[in-house]
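Residues per chain are reported as follows:
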Amino acid sequence: MSQKNIRVRFAPSPTGPLHIGGVRTALYNYLFAKHLGGKFILRIEDTDQTRFVPGAQEYIVDSFRWCGIEFDEGVTKGGPFGPYIQSERQEIYQQYSEQLLNSGHAYYAFDTPEALDDLRKEFEAEKKTFTYNAEVRGKLHNSLNMSKEEVTSLLKKDTPYVVRFAMPEDRIVVMNDLIRGQVEVNTNVLDDKVLFKSDGMPTYHLANIVDDHLMEISHVIRGEEWLPSLPLHVLLYEAFGWEAPEFAHLPLLLKPEGNGKLSKRDGDRLGFPVFPLAWNDPKSGEVSRGYRDDGYFPEAFINMLALLGWNPGTEQELFSMQELTEAFSIDRVGKSGSKFDPAKAAWFNHQYLIQKSNVELAGLFIPILQQKGFLAETEFVENVVGLVKERVNFVSEFWDQSNFFFITPETFDPLAVKKRWKADSYQQMSELKTMLSGVSDFNAARLEEVTKAWLEEKQYGMGAVMNAFRLIIVGELKGPHLFDIIALIGQEETLNRLERGLHELGEKKD
RNA sequence: GGUCCGUUCGUCUAGUCCGGUCAGGACGCCAGGUUUUCAUCCUGGUAACACGGGUUCGAAUCCCGUACGGACUACCA
């Protein structure tokens, strides 16, 4: 069985930072291609010059690099089908626009934007919707209603014009979507879309079809917002006499509360990022947070995104990129939109964090410590993260869980004091201090052994002693195994903290 | 308004094509256990087929309708 080459593309507009919905679309394209041994192309669709944002393209490229989504061809890689930036392909679109004009599938329209606006308002006043279609095109200012001479004369005078698609009448367009199945639309509800703008640039529709054809794209996997334009696109392929690629329209990512498309606002309000990387808007100066900057691991981010709308049909939830490419299949993509859940995203990060080596985690934690003014030894930090990594979701939470390894507690949690600093605590801690000062081999196992023996001998309650001890060492009733803590901070610091605790907490009478 | 798409626990979802298990898993939440504390971990629990008809011995699954939600409806993508 001969199969055509699998080639897919992700084609963002450089109008700002990439939304996580866009990252997911790119991810599914990537996984689809890699699963089938195909190629993945990055194309930049910058045909709207008014919306161009400096830095957006670089942002997009950086985001994918961080995520581990790699392109085979495209704007940074080059390739045999370039250029991959649409603004550099202007003459190509011009040429194909003319082809459509010549074949009668398109026509020149000289209506000014103002004239069309007025018409829209008029229609609206009568509670109707203005559509530039077969019904009205005969009465408007376009080449369909003029002689050849009139048209050439207008063109010669540089009259602004657009090229519109002549939408056929009374046709049922039957389309197939890999996710939704067969979809039918009557062309009478469609309009004569602009294909080529008066500024000399094509619209998305023309550029997209031309490029997908020329770049030999086999599958178009894009967001659901494009489903309404699918009939136009199918008709365009037909008008050119080209074989259309296969289409798959992905469901949207929804906001966590209520309904609607996930937006930056939701992220700000609910406290999670909607962009992969932090973004500094060059115009407004506004800064948006990003997953990378919020401490997500790229593996966790990708894993979380992959499972939002797709599932393997098994109970596996943790996937490396490699495992994802092996398991991915477009027909296991769901039809309905997914609400993004920040809590589950954090859980994914936790899963990846606990899998990481102490060496790697220490490498991430040390800069944070340095920022706080602590210059701890690498080995010490490695031991610390090893003890606390089970209890955090993010590297940024390490400090809260481990500050007592680096600083002697200044204060003692009043509630804990009330609960655990009893009448005989002072006496017991004094004796413990004496006992510990005599221990020569200060390691966790040995300390546990001698302390338990001492407890036994003195007939002191384990709970009472250990809690008071923890209160003195940590400042509150939290943290890892206490003997691990004191072994790490060392004998001198342990005795020092006992001394200090005894002094601060004093004897309690009750 | 019109067109198209969608609808299973609070959330992500399995199951739907090829009707027939107490509708399964995960996150969250709750309870219990383990632990010197907290967390981890273990055990258990909570909780859903949008609604109404129809077809059928039997419907989450097939058909029709309704409701609700979403996308689109620019010389933006």
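Remember, predicted model here, so these are calculated numbers, not experimental data.

**Regarding the overall build of chain A**
Part 1 of the reasoning: For chain A, the count of helices and strands is 20 helices and 14 strands.
Part 2 of the reasoning: Computed over its C-alpha atoms, the radius of gyration of chain A comes to 33 Å, more than 25% above the 24 Å expected for a compact globule of 510 residues.
Part 3 of the reasoning: Each of the three principal axes of chain A carries a C-alpha extent, and together these read 110 × 55 × 35 Å.
Part 4 of the reasoning: As presented, chain A carries roughly 24800 Å² of accessible surface, and 48% of it is formed by carbon and sulfur atoms.
Part 5 of the reasoning: Between the centroid of the 56 positive side chains of chain A and the centroid of its 75 negative side chains there is a distance of 3 Å.

**What to know about the packing of aromatic side chains**
Part 1 of the reasoning: Per the counting criterion, the structure on display carries 34 aromatic pairs.
Part 2 of the reasoning: Both rings, one in Tyr237 and one in Phe247, keep their centres 6.5 Å apart while their planes meet at 65 degrees; by these two values the pair is edge-to-face. Residue Tyr237 is found in helix H8 (residues 230-240), and its partner Phe247 is found in strand S10 (residues 246-250); the two are separated by ten residues along the sequence. Side by side, Tyr237 and Phe247 carry an identical accessibility label, which is buried.
Part 3 of the reasoning: Aromatic pair Tyr291 and Phe301: ring centres 4.8 Å apart, planes at 35 degrees, arrangement tilted. In this pair, Tyr291 sits in the loop between strand S13 (287-288) and helix H10 (298-306) while Phe301 sits in helix H10, placing the two residues ten residues apart along the sequence. Here Tyr291 and Phe301 have matching classes, each one buried.
Part 4 of the reasoning: Ring pairing ties together the aromatic residues Trp66, Phe272, Tyr291, Tyr296, Phe301, Phe340 and Phe394, which thus form one cluster.

**Overview of unusual backbone geometry**
Part 1 of the reasoning: In this chain, Gly82 is followed by Pro83 through a cis amide linkage whose omega measures -5 degrees.
Part 2 of the reasoning: Looking at the secondary structure, you find Pro83 in the loop between strand S3 (73-74) and helix H3 (90-102).
Part 3 of the reasoning: Unlike most non-glycine residues, Asp170 shows phi in positive territory, near 50 degrees.

**Observations concerning the protein's contact with RNA strand B**
Part 1 of the reasoning: Taken together, 58 residues lie near RNA strand B, and Arg180, Lys197, Glu317, Arg391 and His481 sit nearest.
Part 2 of the reasoning: Each atom of RNA strand B within 4 Å of the protein belongs either to a base or to sugar and phosphate, the latter forming 71%.
Part 3 of the reasoning: At 2.5 Å from a sugar or linking oxygen of RNA strand B is found a side-chain nitrogen or oxygen belonging to Arg180.
Part 4 of the reasoning: For the surface near RNA strand B, the secondary structure elements donating two or more residues are helix H4 (113-125), strand S5 (162-165), strand S7 (181-186), strand S14 (338-339), helix H12 (342-355) and helix H19 (462-474).

**Let's talk about the sheet that holds strand S1 (residues 7-10)**
Part 1 of the reasoning: Across the sheet, three strands lie side by side as S1-S2-S3; this open sheet has parallel pairing. Only two strands of the sheet have a single neighbouring strand rather than two, namely S1 and S3.
Part 2 of the reasoning: Judged from the two bridges that link them, strand S2 (residues 39-42) and S3 form a sheet pairing that is parallel. For Ile41, the partnering residue across the bridge sits in S3 and is Glu73.

Basis of the calculations
- Residues numbered from 1 in each chain as written.
- Chains lettered and ligands numbered in written order.
- Predicted model: local features only at pLDDT ≥ 70, side-chain atom pairs only at ≥ 80, totals over all residues.
- Heavy atoms only, no water.
- Helix = DSSP H or I, 4+ residues; strand = E, 2+ residues; numbered from the N terminus.
- Rg over C-alpha atoms; globule rule 2.2 N^0.38 Å.
- Areas by Shrake-Rupley, 256 points an atom, 1.4 Å probe, with all protein chains shown as cover.
- Lys, Arg positive; Asp, Glu negative; His and termini not counted.
- Charge placed at Lys NZ, Arg CZ, Asp CG, Glu CD.
- Phe/Tyr/Trp six-rings, centres within 6.5 Å; stacked < 30°, edge-to-face > 60°.
- Buried < 20%, exposed > 50% of the residue type's maximum accessible area, 1.4 Å probe, protein only.
- Near = heavy atom within 4 Å.
- Polar contact = N/O pair within 3.5 Å; in protein donor to acceptor, adjacent residues only side chain to side chain.
- Pairing = 2+ DSSP bridges.

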